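Here are the chains, one letter per residue:
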Amino acid sequence: MQAILLAIATFIFAIDQFSLTEILYRPIVACPIIGLILGDPQTGLVVGGTYELMMVGNMPVGGAQPPNAVLGGIVGVVLAVNVGLPTEQALGAAVIFSLFGQYAVTLTFTFMSGMMAKADKAAAEANPSGITMVNNIAMCILGALFAAMAVAAYFGGQALGETLTKFSEDFSWLMAGLGAAGGMMRNVGFAVLLKIMLSNDLWGIFLAGFAAAAVLGNVDATSGAALILTAFIGVAIAINDFTLNLKIKENAGSGNGGVSDGI
Amino acid sequence: MQAILLAIATFIFAIDQFSLTEILYRPIVACPIIGLILGDPQTGLVVGGTYELMMVGNMPVGGAQPPNAVLGGIVGVVLAVNVGLPTEQALGAAVIFSLFGQYAVTLTFTFMSGMMAKADKAAAEANPSGITMVNNIAMCILGALFAAMAVAAYFGGQALGETLTKFSEDFSWLMAGLGAAGGMMRNVGFAVLLKIMLSNDLWGIFLAGFAAAAVLGNVDATSGAALILTAFIGVAIAINDFTLNLKIKENAGSGNGGVSDGI
Amino acid sequence: MQAILLAIATFIFAIDQFSLTEILYRPIVACPIIGLILGDPQTGLVVGGTYELMMVGNMPVGGAQPPNAVLGGIVGVVLAVNVGLPTEQALGAAVIFSLFGQYAVTLTFTFMSGMMAKADKAAAEANPSGITMVNNIAMCILGALFAAMAVAAYFGGQALGETLTKFSEDFSWLMAGLGAAGGMMRNVGFAVLLKIMLSNDLWGIFLAGFAAAAVLGNVDATSGAALILTAFIGVAIAINDFTLNLKIKENAGSGNGGVSDGI
Amino acid sequence: MASNATTYKDLTPAAPLDKKTLNKMVWRSCQLQASFNYERMQAAGWLWGILPGLQKIHTNKEDLAASMEHNLEFFNTHPFLVTFVMGIVLSLEQQKADINTIRSVRVAAMGPLGGIGDALFWFALVPITAGITCNMAIEGSWLGPILYFIICFGVEMALRYGLMYWSYNLGTSAIATLTKNAKEFTRAASMLGVFVVGALTCNYANVSLGMMIPNGTAINEAGETVANYIDVQGLLNGVLPAALSLAITLLCYWLIKKKNWSATKCILLLLVIGIVGCVFGIFGGAAGEYTTPISVPWHA
Amino acid sequence: MASNATTYKDLTPAAPLDKKTLNKMVWRSCQLQASFNYERMQAAGWLWGILPGLQKIHTNKEDLAASMEHNLEFFNTHPFLVTFVMGIVLSLEQQKADINTIRSVRVAAMGPLGGIGDALFWFALVPITAGITCNMAIEGSWLGPILYFIICFGVEMALRYGLMYWSYNLGTSAIATLTKNAKEFTRAASMLGVFVVGALTCNYANVSLGMMIPNGTAINEAGETVANYIDVQGLLNGVLPAALSLAITLLCYWLIKKKNWSATKCILLLLVIGIVGCVFGIFGGAAGEYTTPISVPWHA
Amino acid sequence: MASNATTYKDLTPAAPLDKKTLNKMVWRSCQLQASFNYERMQAAGWLWGILPGLQKIHTNKEDLAASMEHNLEFFNTHPFLVTFVMGIVLSLEQQKADINTIRSVRVAAMGPLGGIGDALFWFALVPITAGITCNMAIEGSWLGPILYFIICFGVEMALRYGLMYWSYNLGTSAIATLTKNAKEFTRAASMLGVFVVGALTCNYANVSLGMMIPNGTAINEAGETVANYIDVQGLLNGVLPAALSLAITLLCYWLIKKKNWSATKCILLLLVIGIVGCVFGIFGGAAGEYTTPISVPWHA
Ligand SMILES: OC[C@H]1O[C@H](O)[C@@H](O)[C@@H](O)[C@@H]1O
Ligand SMILES: OC[C@H]1O[C@H](O)[C@@H](O)[C@@H](O)[C@@H]1O
Ligand SMILES: OC[C@H]1O[C@H](O)[C@@H](O)[C@@H](O)[C@@H]1O
């Protein structure tokens, strides 16, 4: 019974970390709930508060995946309540699960890259439910992987942790490989955008944007604001181009009509 | 008699720190003169030379107000000659006066912001003497405030310094508030400029200028030259726009006249 | 006989450091060959391998002249084989020769600046062999200077090194002067380019290029790529200008012909 | 794969979107990252979010397909701010603006909003709220998690709701003047879009070489002989920062544009490159060190 | 407040300014900062400085008013170099150039000259001279102050005088070709001016938040529990450097342009914001720490 | 000194260059730096390298002279990559493109290739190869130098050969579309060229002042009296980085353009300035410290 509730809760939190509220999954909220399920909400609160502070500097930015806050916290509570470890030790032993949480996310994100072809097909057929399905599949995969791992931790405890550590060391290259591939895949996305937007006379603009970001992103004081400052410059270029092209169009007319101001 | 001469000299130096020569007020020049008034030019020279070296890295830039060089030096000489303190101690005790000098400047600059409305009225009426008056008022205020403080120091000596220190600690928030307000006021000036220059198609240029200064001002090697390098870029933009607009104008004509080169 | 072979080899390596293979002259290749000539290739290999590693961070970039790899290596082998110094000491004693190698290069580069007038004359007369001659003269000068120094080291050994050290200290200002002048001379080259390319409406572009390089070259992460990133921006400007000017030209025509799209 | 349509068949502006549809899309925006993936990031979630609107707007099936296709392209922004992009894109869709314009506006908006949102929410709101509430939780009070949830989720939903309406109205009011000069506007928007993609290529660069080639020994300034390594990524940075990201983007661009590859094929290629690369210790490990299955000299 | 005239009524170029008037303005330039203030900095001193010239140029009272009005806008440059701006502006006034052009040229010139002047005089000339002369003074010799005054004041006056003539002639000789294409030139000058004001908004930013929100504790890398603060200005810098300066500028712009506020009203507003802000410990103290009258958690 | 011709007399495109000539120029490219000098760097070697091509292309003697003249202007790039510039320039010469265009393309290509080449070869290929081979040499094996030579020289020659053909064909195929809009293309190319020269002026800056003016004493933060120096170059950097390089470039420009000086005369001037400057300790020593023949206070 506890195991089933644990699976359901983990399923939801796993999805929530990217969709839904994006807040519910935070250790400070999720851990007490897990504690409640396991019959010890107080431990849940302590573990949750402690883990939240540890994870607060580790937010996902630009799609990068830090060690996973969901699985680390849940397993931490499980170990604290069921195995009876003190908070810090429980969280320490849970670190390997947060790593596997990260692997699961990486795998899902890689797999879903491939699924985009399905979404494309649905789009080409103007079929909204195809898109819904793709999204649902993704959420289910993520939820299921996480639920499985949480349940495994529930039954396997620390011993499983050690096995996983061993596994993770043996196949670190595979995870690194998936990570490296994941890091490159957004470039496919850029390429698709460029395929359409990049007329021949805009190559320079593309490279200039690259150059602008290269400076702005590498000066301490502007690195946080690199994209907004780039946009400032881009807006200047765009408005200017718009204004000039308008004038060219209008003056062509004025030349034709024989009326031209200031000549 | 000494007090009157002191007041007059301080009045002049106070004005001189922003107007007139902008050199006379420097400690190395002003202090010996005060020393002369107090009957001990040698001490004035020593205090002046010493204080000048301390103030040399503290020039007012972009309207920022460092601890005031005028009042610190004058009171330093007063304390050295009248109270008989050694140079370093006299200057140390005078620090609080340099702070009050800074407050007086801040207050005047804030008050004069309000007086700009008077100047605007004079301008709208094409009334030059109105402008003269505004300037004279400002100079008198500054001179009077400084003269009063110098005379107070002349009579009050170290004891006054301690009272002032107490006061300055109690109302530090007010001074900080005036300072913060002062720091923001130049933005009103920018807003007025933009109100007129900023046509809708120049918003991008405004933001781009901001972005350019954000990089240039935050890279060590270019921060000192940020505005001139910004101007370099601005000149490129402006000349380019001028050239293109000229061509548009001319080609409109050439299209009309049926003569066009190279087509 | 050894001396003659040494002179010939040095002559070739001296030229090779800028022309021909630009690889043969490297200590790792040149030193064993010198060793062969002196009858001790093994020592040559050791000295060459050691010196190569020392020189590897010292490549000539943008025409800058580091202590000379050719002469340092050759004299190192000479001292190791003939005087019998151990490798490190031989290379240490050879440092002064690498400095004189650098002087010789500086002198040649300065002298050849003057010779460009000869080349200009040949060009104006469409006389290819004049150009050939200028190049040959340069190579001969460089080769001869180096060969002479190598032979001198061959006969003079360590004693000569000490004399040279003395000389080098006495006339350091002259070398510094030549170096300073050399550093400025490329600006003449820029001026000549500008003389022709810089129409009045491109002054802004020139200054903007300067400003761009000032940022890009002074941010750590972009300094290595400063010129290529500058080129990215330049390409954007150029293509954009091209596109706009084309449109102006075409629309002038469309105005004339009475056909204009979208008006 | 996006079709090449650049204009909709039916160019009559659709009726403005009603409140119900807009509200529905606000809620849907919560699943922006449902099928987050490395290739297009939030694309499918984005499309799903605005689908109710698109379905209202494009009654013509062909147009709906075209719209869905281009709205499935790479998308990434901050989830709390996404409705701002939604509003403006929907206003353009409603007016049947040029597809290139819509794309460019979408791309131009998403980048900066991503950066701003990360700074405001991930680096400020969440940590500040955590600081206030965590000790309550540690001391055993349920007030901690409850407050945390209310504050963060409250801000989030208020933004999602408010930004949707604000930006939809903004877009609607601006569009009239823009469509008059549609061609010029499209070009300008494309410039902005391409500029931003250029910036993203540099700023989102997320691949680096990990090779440290043992390079004999070197003699350091102190004259000592020390072990020496060549840091290949470091050398590359000296040529061009984010050079790999640029190279891969251009490679994919070339494969897709000239060799008619599908995006999926590109992804498979990158997957192979990534894994094989790590087998040979070529790439750096984003999340710490890894061990190569075969031993290579440049990977410790 | 500046009127909205953009051209003078009387467009006939005035007679060139005579030497006497130019000299008078050189002397007047010494009072550039007489009524320095936080809103417009040197504006009133600037206007007073060129008034003799303006009075000669604009015999028409309405034009004089228009000219005085726009010459009372924000102005700040280095005092020793101000005559360069004077000369060029006067040459434009004399030719009755478009008011927008004059304003833009004035703005474009003042910014860079301010930076250059500070570096040359406040950071070089004065310290160097002080280095040479201070020891003389300390050793009791009057030569110290006298030399100091002669060197610095000499350089200053030579510049004030020389730059006035040089730039007035420069402006006069350039203007003929520019007025032929006045409209285009005005636009280009405005671009430069607006660009520089954008740069000033960032570069002259002079307001920062001082709040350090105590944020529970954090667990640092070493695993220790440490007191933790949120530096609000630091977070803001991550979103956009000089964001506050930009925001205040845009706020004032909006109040003045759309709500018809006067500049004075804006100033009073900022005064209230500044003082109230410091009562609550919101702003940082430019000149060191301060104590808030009421105690707030984020202000130590 | 370059003549002022901007177009060739004979505008009929020449026959494409045959393989033999191209190969010959590949070999000649190895002497690019034969008469390297401080004024024009690789100019004479560059011209010599492409001379076989130019002679084939310009049968008209006047044109050959014009072409040789402009190809003797300042040139500097990485030696291993020079054939890329050669190929593209030769394709333009062959089509008798506008001289200004050729010049601009040449200038625009050389700068970036120089930086790229230095990073790739001087900072990567050579050190990596040295790392692999030096220990072999130190252990007494001839394999070291032989491998070193084969690897480096192999890469070099492959590049020289490959780049020549690739870029010559690239240029030839692009040129048709460009000559149709020759005037516009020339202008655009000039912009790029001038922009790059501006960048070079800053980036290749190679002169600095070494004066450290002893400036009495200063009182440091700890209140101690310490010896104090004014670093003149440091102050100048605060005004404008690379200011000297810009100033000298503009000085030479002015002398050459307005005073009709020859480049040689400029060089002599700079030689005098350099040596006299070091006599008086004004310049910094690029290669370490030097001693001035006369003692000046600002040179230790
Ligand atoms: O960087 C913008 C955005 O990128 C990805 O979508 C995720 O990592 C988000 O958490 C983040 O806000
Ligand atoms: O920064 C330019 C200028 O700004 C203000 O006007 C004052 O602080 C001057 O001392 C300074 O030279
Ligand atoms: O920097 C490019 C180039 O500059 C000069 O020509 C030489 O120093 C070369 O070695 C270098 O590659």
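Nothing here was measured: the structure is a model prediction, and the numbers come from that model. Each chain carries its own residue numbering, running from 1 in the written order of its sequence. The order in which chains are written sets their letters, starting at A; the order in which ligands are written sets their numbers, starting at 1. Local features in a predicted model are, by the rule used here, given only for residues with pLDDT of at least 70; side-chain atom pairs are given and counted only at 80 or more, and totals for whole chains, interfaces and linings are based on all residues. Excluded from the side-chain calculation are hydrogens and water; included are all heavy atoms of the structure.

**Quick look at the interface of chain E and chain F**
On the chain F side, the residues contacting the 11 residues of chain E number 7 residues. Summed over both partners, buried area is the accessible surface (1.4 Å probe) that two parts give up on being assembled. The contact between chain E and chain F buries some 640 Å² in all, and 70% of this surface belongs to carbon and sulfur atoms. What counts as a salt bridge is simple: a side-chain nitrogen of Lys or Arg found within 4 Å of a carboxyl oxygen of Asp or Glu. Across the contact surface, chain E and chain F share 0 salt bridges. Pairs of N or O atoms within 3.5 Å make up the polar contacts considered here, provided that, within protein, one atom can donate a hydrogen while the other can accept it, and that residues adjacent in sequence are counted only when both atoms are side-chain atoms. Taken together, the links from chain E to chain F amount to 0 residue pairs in polar contact (both at pLDDT 80 or more). Here a residue-residue contact requires only that any non-hydrogen atoms of the pair lie within 4.5 Å.

**Here's the deal with the packing of aromatic side chains**
The aromatic pairing rule takes the rings of Phe, Tyr and Trp, using the six-membered ring of Trp, and pairs them if the centres are within 6.5 Å, calling planes under 30 degrees apart stacked, those over 60 edge-to-face and the rest tilted. One pass over the full model with this rule turns up 59 aromatic pairs over all chains. Seen in terms of ring centroids, A:Phe171 and A:Trp173 are 6.3 Å apart; in terms of plane orientation they differ by 40°. Their pairing is tilted. Each residue is assigned to one of three classes by its accessible area relative to the maximum for its type, calculated with a 1.4 Å probe on protein chains only: buried under 20%, partly exposed between the two thresholds, exposed over 50%. Residue A:Phe171 is classed as partly exposed on the basis of its relative accessible area of 34%. By relative accessible area, which is 18% here, A:Trp173 ends up buried. Within the aromatic cluster, the residues linked to one another by ring pairs are A:Phe100, A:Tyr103, A:Phe167, A:Phe171 and A:Trp173. Any Lys NZ or Arg CZ found within 6 Å of a ring centre and within 35 degrees of that ring's normal is scored as a charge over the ring. One residue, D:Arg28, lies across the ring of D:Trp48, its end atom 4.0 Å from the ring centre. Sitting over the face of the ring of F:Trp261, F:Lys265 holds its NZ or CZ atom 4.7 Å from the ring centroid.

**Considerations on the confidence of the model for chain D**
Confidence scores here are pLDDT values: one per residue, from the predictor, ranging 0 to 100. Per-residue confidence for chain D gives a mean pLDDT of 89, with 96% of residues at or over 70. Among the scores for the predicted complex, ipTM is 0.85 and pTM is 0.86.

**Concerning the relation of the copies chain E and chain F**
The two chain copies are related to each other by a rotation about an axis together with a translation along it. Rotating chain E by 120° about the axis while translating it 0.0 Å along that axis superimposes it on chain F, leaving an RMSD of 0.1 Å. In short, the pair behaves as if placed about a three-fold rotation axis. Copy-to-copy alignment: least squares on C-alpha atoms, limited to residues at pLDDT 70 or above in both.

**Points about the arrangement of the chains**
Without any contact between them, chain C and chain E keep their closest C-alpha atoms 11 Å apart. Structurally, chain A and chain F remain out of contact, their C-alpha atoms never closer than 11 Å.

**Looking at the interface of chain D and chain A**
By a widely used convention, the size of an interface equals the accessible area lost when the partners come together. Contact residues are listed per partner, giving 112 residues for chain D and 105 residues for chain A. Buried area between chain D and chain A, both sides added, is near 10100 Å², and the carbon and sulfur share of it is 75%. There are 5 salt bridges connecting chain D and chain A. Among the salt bridges present, the one from D:Glu184 reaches A:Lys249, with a minimum N-O distance of 3.4 Å. There are 23 residue pairs in polar contact (both at pLDDT 80 or more) connecting chain D and chain A.

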